[in-house]
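Below, each chain spelled out in residue letters.
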Amino acid sequence: MKIKTEIKNIVSLILGSLLIAVTINLICAPKNYITGGLSSIGIIFNYLFNVKISYVLLIGNLLVVLIGILVLGLKDTYKSIIGAAVYTLCIYLTENITNYVSIDFSSVFLDIVASGVLLGIGCTLVYLAGYTTGGADVIGLIFNKKYGIAFGKSLFIVNMIILAIGTFIFGIEMLVVALLIRFIESKIIDNFLIGISDSKVLFINTKEVDKVKQHIINDAQSGVSEFKVVSGYKNENKEVLMCVVPTEKYLLLKKEIIKLDKDAFITILDAYEVYGGTNRYKLPFHDLRD
């Protein structure tokens, strides 16, 4: 099982790296879209000095990984080494892809959407496999361990520096394009890694506890939990109800709760995964308006 899992992870790493590389060489590099990371430094060097992106990645990753090993140790960097090697190879193999495949959306908007989606899916495949593509990720880990800066913040700082350099060379329009691509990319990654919420969790603070509880159980056909709490402002003993319902039904349930108690205090959160308990998909969720 362990070998099968590792093979699956390697395949995911290769596919993800290949998808990122194709996007960089087919869309981003020809139009000088700088989105962060060593690839963008490669695009800058390619534009200024006509140096191949793969060469910049190779030298950059060797330096970054070497520093990473010295600072973090081999245990914390070996997956970054593998990921960087695979990604650099994919960039090298697809470097001349424009000689065989030509995509011209003739629209910056379509460029942004295509790049953001493809990069997001590619990065997700790499991250799900437990690897990184090296470069900025390793720098982020180094800053985190050496200076105590949060990994996300470290990565943000590194990429902002690269974007600032890119803006100086290519102009403000490139920065706007880059930020939009990164926004779409991050949303794709979040939705794949965290998941798209198909349920909502409702925390209900109400004076009509019994009525609301019976409505949730009998009409909404959903389970409900009851908590004893003490309000911080008035130091009063209260009861809070908690229930999980399908996303498409929560607005209707909220509306009915407000009908029962117009002063109810309701907090609604996304539930990305629901495990155990009563299988709500086997229960009829009646239209609460009936």
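Note: the structure precedes this text.
From a predicted model like this one, the values you see are computed outputs, not experimental measurements. (Residues numbered from 1 in each chain as written. Predicted model: local features only at pLDDT ≥ 70, side-chain atom pairs only at ≥ 80, totals over all residues. Heavy atoms only, no water.)

Asks: What exactly am I supposed to notice about the sheet that holds strand β3 (residues 237-246) here?
Replies: In a beta sheet, neighbouring strands are held together by backbone hydrogen bonds and run either parallel or antiparallel to one another. As summarised here, the arrangement of the four strands in space is β2-β3-β1-β4, forming an open sheet in which the pairing is antiparallel. Both outer strands of the open sheet, β2 (225-230) and β4 (265-271), are each paired with one neighbouring strand and no more. Averaged over all neighbouring strand pairs, the angle between strand axes comes to 25°, with direction disregarded. Relative to β3, β2 runs antiparallel, the two sharing six bridges. The residue bridging Val 229 from the neighbouring strand is Lys 238, located in β3. Along the sheet, helix α9 (residues 209-219) makes contact with β1 (199-205), β2 and β3, crossing β3 at roughly 15°. (Pairing = 2+ DSSP bridges. Helix = DSSP H or I, 4+ residues; strand = E, 2+ residues; numbered from the N terminus. Axes fitted to C-alpha atoms, helices over the stretch in contact; angles between N-to-C directions. Contact = heavy atoms within 4.5 Å.)

Asks: Whenever I open this one, the side chain of Thr 94 confuses me. Can you help?
Replies: Considering the arrangement of structural elements, one finds Thr 94 in the loop between α4 (78-93) and α5 (108-128). Within polar-contact distance, the side chain of Thr 94 engages the side chain of Asn 25 at 2.8 Å. Not counting the four nearest positions on each side in its chain, Thr 94 is found in contact with Leu 18, Ala 21, Val 22 and Asn 25. (Polar contact = N/O pair within 3.5 Å; in protein donor to acceptor, adjacent residues only side chain to side chain.)

Asks: I would appreciate a short explanation of the packing of aromatic side chains in the present structure.
Replies: What describes a pair of aromatic rings is the distance from one ring centre to the other and the angle between the planes of the rings. For the coordinates displayed, the defined rule picks out three aromatic pairs. Aromatic pair Phe 45 and Phe 49: ring centres 5.5 Å apart, planes at 55°, arrangement tilted. Remark: Phe 49 and Phe 45 occur in helix α2 (residues 37-49); sequence separation between them is four residues, near one turn of the helix. For Phe 45, a relative accessible area of 36% translates into the label partly exposed. Look at Phe 49 and you get exposed, because its relative accessible area is 54%. Here the aromatic rings of Phe 143 and Tyr 147 are separated by 5.9 Å at their centres, their planes lie at 80°, and the arrangement is edge-to-face. Here Phe 143 pairs with Tyr 147, and both are found in helix α6 (residues 136-147), just four residues apart, close to one helical turn. Overall, Phe 143 belongs to the partly exposed group, its relative accessible area being 26%. A relative accessible area of 59% means that Tyr 147 is categorised as exposed. When the ring centre of Tyr 131 is taken as reference, the NZ or CZ atom of Lys 79 above it lies at 4.9 Å. Stacked on the ring of Tyr 250, the Lys or Arg Lys 200 has its end atom at 5.3 Å from the ring centre. (Phe/Tyr/Trp six-rings, centres within 6.5 Å; stacked < 30°, edge-to-face > 60°. Buried < 20%, exposed > 50% of the residue type's maximum accessible area, 1.4 Å probe, protein only. Lys NZ or Arg CZ within 6 Å of the ring centre and 35° of its normal.)

Asks: Looking at this structure, how should I read α4?
Replies: Given 3.6 residues per turn, any residue in an α-helix points the same way as the ones three and four places further on. A rise of 1.5 Å per residue sets the reference length of α4, with its 16 residues, at 22 Å; its end C-alpha atoms lie 23 Å apart and thus fit the reference within 8%. Taken as a whole, α4 has its buried residues at Ser 80, Gly 83, Ala 84, Val 86, Tyr 87, Thr 88, Cys 90 and Ile 91. Looking at the buried residues of α4, the elements they touch are α1 (2-31), α2, α3 (53-72) and α6. (Expected span 1.5 Å × (residues − 1).)

Asks: How should I be thinking about α2 in this particular structure?
Replies: For α2, spanning 13 residues, the distance from its first C-alpha to its last is 18 Å, which sits close to the expected 18 Å at 1.5 Å a residue. Of the positions making up α2, those classed as buried are Gly 37, Leu 38, Ser 39, Ser 40, Gly 42, Ile 43 and Ile 44. Asn 50 sits one or two positions beyond α2 and adopts a positive phi of about 60°.

Asks: Whenever I open this one, the layout of surface pockets confuses me. Can you help?
Replies: Think of a ball as big as a water molecule: rolled over the atoms, this probe shows where empty space is left. When its volume is computed, the largest pocket comes out at roughly 820 Å³. Lining the largest pocket we find 33 residues, and of these Tyr 127, Leu 155, Asn 159, Arg 182 and Glu 185 sit closest to its centre. Within the residue set of the lining of the largest pocket, elements represented by two or more residues are α1, α2, α3, α5, α6, α7 (151-170) and α8 (172-193). No other element matches the seven residues that α8 contributes to the lining of the largest pocket. The residue makeup of the lining of the largest pocket, split by class, is 17 nonpolar, twelve polar and four charged. (1 Å grid on protein atoms, 1.4 Å probe; cavity = no way out; pocket = protein on both sides within 12 Å on 5 of 7 lines; lining within 4 Å. Points joined across faces, edges and corners; volume = space filled by probe spheres on them. Nonpolar A, V, L, I, M, F, W, Y, C, P; charged D, E, K, R; others polar.)

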